[in-house]
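Each chain is listed here by its residues.
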Amino acid sequence: MMNEHSARLLEFSRIREDVAAYCLSEEGRNAILSELPRSDPGEVKAIKAAVSTVVALFQTGIEPPQVSFPPVALAHRRLSKVGASLELEELYALGLWAEGFAVYCAFLAKTREFLPASARPGGLSAPAAPAAPAEPGEDGEGGEDERSWSEAPGPLLEGLLAQQPDLAEIGRIVFRIVNKDGTLRDLPELKAARDRIARAHRDISLLTESFFKNPETRSMLQSDAPTIRDGRTVLALRANFRGRVKGIVHEVSATGQTVFVEPEELVQKNNELVQEEARYLQEVNRILREATEKLMGQAEGLGLARRLMKGLDGIYARARHCRLSGYFLARDLESGFELKTARHPLLGRRAVPIDVVLPEGTRTLIVTGPNTGGKTVTLKTIGLLAMMNQFGLGIPAALESGLAVFDEVFADIGDEQSIDQSLSTFSGHMRVIGGIVNEAGPRSLVLLDELGSGTDPEEGCAVAMGLLDWFIGRGCLTVLTTHHGILKNYGYTRPACLNASMDFDATSLQPTYRVLMGVPGESRALDVASQNGLRREVIEGARKYLAEERADVSELIRGLTEKHRRIEDLEEESLSRLKGAREEQRKADLARLKLRQKELELREQGVGELKRLLGESRRTLENLVRDLREGELSPEKTRAVKDFLSQLAQGVEAKEEELAAFREVTLAERRDFDELGKAKPAAPGTAAVLAEGQAVFIGPARKRGVIVRAGRKGQWVVETGSLRLTVSEGELELDGSGYEAKTQVAIELAPRGEDGRVRAVFELDLRGKRLTEALEAVEKQIDAASLQGLGLFSIIHGTGEGILGPGIQGYLRSHPGVAEYHYARPEEGGHGKTVIRLK
């Protein structure tokens, strides 16, 4: 687990609260809010894999279930006490929770289609038997039980689902006595008590009406309706008639004008009503007590379900946060980090994207630059994204970004001075850094802000370089910010160190917040001071003091920065040209391949005609031989006929060999084109060129698919398994792993060739035609397809009034040349399209 001090400095708790808000249950929220980022690479990988499968489920468009998980911790704890009786509201909450848990698990189980076969239920090892339930803690559970995270069999999510207990009995017990709206059912055992209560109310009502109907007593009453006081029916009597009606006085109004009297005639009836209501409550309590006793046998299963809910709801909340925030799960790296267009997640739209990529072997990054230039924000962004990654969250960065798993993220950011503890700024920093020195190891990430500040610059630099030597020796990955010029030189003289700076626009005297790797930066203190209102005379005086001492160093830094900018511009220009050239080459190769395939088709047609000619010649020969046998037969005539047929057969064979060689060349060119279209890892800073037929990874789940065609602006239609999805370009990553993308080049044939003959097409559109016209076109299509060797094609007939489709299929059913036909898949046209395969 990460230390809480660094999490507080990096404001990780705010991210955690955002994620907890996506939880559906109290158990999940409490678990998220109490967790810290993991430091074990295996655990981090397992959590991210589980989150990615749920993200993939969201990408299919399946909506989360509408379930309710009311708080049940108190009710669950009371189930462990002998003789306890739950209130009606507590029973209702348990019933809703149990039903919701079953629906929730069924929803998450849909992720199994995104798992490899070995990770599905048939490939899982048997779930470990649940341990004996621990004594419930204050929340009704067995304290801190982490089995649901660390000991689930197989993949994390599947392992949690494999332990799902059956809580159906809880729902049956609860909803036998409680309605779905939480009210008590009209149970047979309560009917007699309710009837007696209703009878008592009627008797009281009749008796009070007699007072209002009697002219003598009606004039004594202050109101024409009875009143309830302390659960008993009373009459509002005028104070001057108080002695005229015998009974019990319950209350006198504030003005003294009204006396609330329970007449003697009503006392007995009210007593009967109170007794009947008490009997009714006793019967209700008996029913609740019996239901509670039955639920006690389900307490163990409920406890297991609540522990599993911590993990399941945690995975769900992480996936929902990733999906709705537009974040991506980072790639797993062995060491270091590669952050592309990374943004600080708490700055919202104000965040400026940064690129921070550590070259191989770099263990220390020294960031310099102007005040208010973004150094501290960059430091916090790196640390916070590392923590989010190890919490199993997506990060606000490009899809190709990656992070290693660190055993600890140490941070010293901000002012640690304390008057109460007599700590100055420098002392506060040294106390924190001293703790880091004692605990940091080879897998630690150390973030130090303004290292060496708060004391004499010369001594501060010495302390800073001593610390960096120690961290390099320990193998820590260290990122620090500083204004000390000596540390810039330190970065150039150590092999494992790299300088970086925050860019500054010298024209506008404003920071751009971009990170320039490999180049140290100037502090620009005078420019910043001038921008913040310091008098011009003071600034000019300060520049005179700096002119001699720092002229050479400043000029060197400015030159390096300018050279770095020119190199970046040249790289962008060359990459843009390379991208254009590759696209032009791809288009040219595609056009050449189409011509090749067209020529191959024509040659195949010619060979087919030769074969038919050979068959006709054989029939002619048979007729000739029969004529010769009937007439005069000579060896010369027979040999001449055989020679003719032999030469004809040799000609056909030669054509077939030529066609086979041409086909092989065409297929080889097609394979080359497919290889050219395959994804290759893009160079840093370049955008991948997407095209039809390319293999890609889709979204944070990195599910493999193949681009079918371009969609609307900035979107692509991608086929993955049996699904076709419309995905934005930002969610696609070219697949360079060697995955075989089945690129197909579609050749559209005209209905008629240049010779005027009907030609078969791959897809025949008959929408808008009459049935007779459509059947004629289908007949010509089948004939042409048979001649051209086109064994599979489709017909678009639409649904419309339901005449064209059934009519065409009726014709196909009786056609001798049709082997089979069926409606297309839903994503390819469904009942508006028929696919035909010829014999």
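The rules behind these values
Residues numbered from 1 in each chain as written. Predicted model: local features only at pLDDT ≥ 70, side-chain atom pairs only at ≥ 80, totals over all residues. Heavy atoms only, no water. Axes fitted to C-alpha atoms, helices over the stretch in contact; angles between N-to-C directions. Helix = DSSP H or I, 4+ residues; strand = E, 2+ residues; numbered from the N terminus. Parallel < 35°, antiparallel > 145°, perpendicular 65-115°, else oblique. Left-handed = near helix turned anticlockwise from the far one by under 90°. Contact = heavy atoms within 4.5 Å. Nonpolar A, V, L, I, M, F, W, Y, C, P; charged D, E, K, R; others polar. Salt bridge = Lys/Arg side-chain N within 4 Å of Asp/Glu carboxyl O. Buried < 20%, exposed > 50% of the residue type's maximum accessible area, 1.4 Å probe, protein only. Phe/Tyr/Trp six-rings, centres within 6.5 Å; stacked < 30°, edge-to-face > 60°. Lys NZ or Arg CZ within 6 Å of the ring centre and 35° of its normal. Expected span 1.5 Å × (residues − 1). Polar contact = N/O pair within 3.5 Å; in protein donor to acceptor, adjacent residues only side chain to side chain. Pairing = 2+ DSSP bridges.

Undergrad: For this particular structure, what's the right way to read the packing of helix α2 (residues 12-20) against helix α3 (residues 26-34)?
TA: The packing of two helices is summarised by the inter-axis angle and the distance between the axes. Between α2 and α3, whose axes approach to 9 Å, the crossing angle comes to 165°. In terms of axis orientation, α2 runs roughly antiparallel to α3. Every pair of crossing elements has a handedness; the one defined by α2 and α3 is right-handed. Of the residues in α3, those in contact with R16, E17, V19 and A20 of α2 are R29, I32 and L33. When grouped by side-chain class, the residues that make up the contact of α2 with α3 number four nonpolar, no polar and three charged.

Undergrad: Please explain the environment of L57 as it appears in this structure.
TA: By secondary structure assignment, the location of L57 is in helix α4 (residues 41-59). Separated by 54 residues in the primary sequence, L57 and T111 place their C-alpha atoms 6.0 Å from one another.

Undergrad: In this structure, what is going on with the pattern of salt bridges? I would like to understand it.
TA: Oppositely charged side chains may form a pair once their charged atoms are brought near each other. One pass over the full model with this rule turns up 26 salt bridges. For R318, the salt bridge identified is with E35, shortest N-O distance 3.3 Å. Remark: E35 occurs in the loop between α3 and α4 and R318 occurs in helix α13 (residues 299-325); sequence separation between them is 283 residues. One exposure class covers both R318 and E35, and it is buried. Among the salt bridges present, the one from R286 reaches E283, with a minimum N-O distance of 2.3 Å. Note that R286 and E283 are positioned in helix α12 (residues 264-296) at a spacing of three residues, about one turn of the helix. Classification of R286 by relative accessible area gives partly exposed; the value is 25%. The structure contains a network of salt bridges with shared partners spanning E35, R38, E43 and R318.

Undergrad: Would you mind showing me how to read the packing of aromatic side chains here?
TA: In this description, a pair of aromatic rings is defined by centroid distance and the angle of the planes. Scanning all chains against the criterion turns up eight aromatic pairs. Taken together, a centroid distance of 6.5 Å and an interplanar angle of 85° make the contact between Y92 and F175 edge-to-face. Linking Y92 in helix α6 (residues 88-108) with F175 in helix α9 (residues 168-175), this pair joins segments that are 83 residues apart in sequence. Taking the relative accessible area as the measure of exposure, F175 reaches 9% and is therefore buried. Taken together, the aromatic side chains of F58, F69, W97, F101, Y104, F107 and Y316 make up a single cluster linked through ring pairs. K180 extends its terminal NZ or CZ atom over the ring of F175, reaching a point 3.7 Å from the ring centre. The ring of F260 carries the charged tip of R229 above its face, separated from the ring centre by 4.2 Å.

Undergrad: Would you mind showing me how to read α4 here?
TA: Because an α-helix completes one turn every 3.6 residues, residues spaced three or four positions apart along the sequence face the same direction. The first and last C-alpha atoms of α4 sit 26 Å apart over 19 residues, in line with the 27 Å expected at 1.5 Å per residue. Among the residues of α4, the N-terminal cap falls to D40, whose side-chain oxygen and the backbone nitrogen of G42 are separated by 3.0 Å. Within two residues after α4, G61 carries a phi angle of roughly 95°, on the positive side.

Undergrad: What's the story with the sheet that holds strand β2 (residues 232-238) in this structure? I'm lost.
TA: Within a sheet, neighbouring strands are paired by backbone hydrogen bonds and run either parallel or antiparallel to one another. Spatially, the four strands line up as an open sheet ordered β1-β2-β4-β3, and their pairing is antiparallel. Of all strands in the sheet, those bounded by a partner on one side alone are β1 (227-229) and β3 (247-252). Averaged over all pairs of adjacent strands, the angle between strand axes in this sheet comes to 45°, irrespective of strand direction. On top of the sheet, helix α10 (residues 188-213) reaches β2 and β4 (258-263); it is set at about 10° to β2, its chief contact. Contacting β2, β3 and β4, α12 runs over the sheet at an angle of about 70° to β4.

Undergrad: Help me understand the environment of V446 in this model?
TA: Of note, V446 is situated in strand β11 (residues 444-448). Separated by 33 residues in the primary sequence, V446 and V479 place their C-alpha atoms 6.3 Å from one another. Apart from residues lying up to four places away in sequence, V446 is in contact with F410, I436, A440, F471, C476, L477, T478 and V479.

Undergrad: Whenever I open this one, the packing of α10 against α12 confuses me. Can you help?
TA: Two elements in contact, α10 and α12, have axes whose closest approach is 9 Å; the angle formed by their N-to-C orientations is 160°. In terms of their interaxial angle, α10 and α12 are classed as roughly antiparallel. Where α10 crosses over α12, the handedness of that crossing is left-handed.

Undergrad: I keep staring at the pairing of strand β21 (residues 792-796) and nothing clicks. Help me out?
TA: For a regular strand, the rule is simple: side chains alternate between the two faces of the sheet. Within β21, four of the five residues are buried, which leaves it mostly tucked inside the rest of the structure. One ladder, built from three bridges, connects strand β20 (residues 763-765) with β21; its direction is parallel. Its bridge partner being in β21, D765 is matched across the sheet by I796. Two strands pair when backbone bridges link them, and β21 and strand β23 (residues 833-838) are joined in this way by five bridges, in the antiparallel orientation. When the sheet's bridge partners are listed, L792 is paired in β23 with R837.

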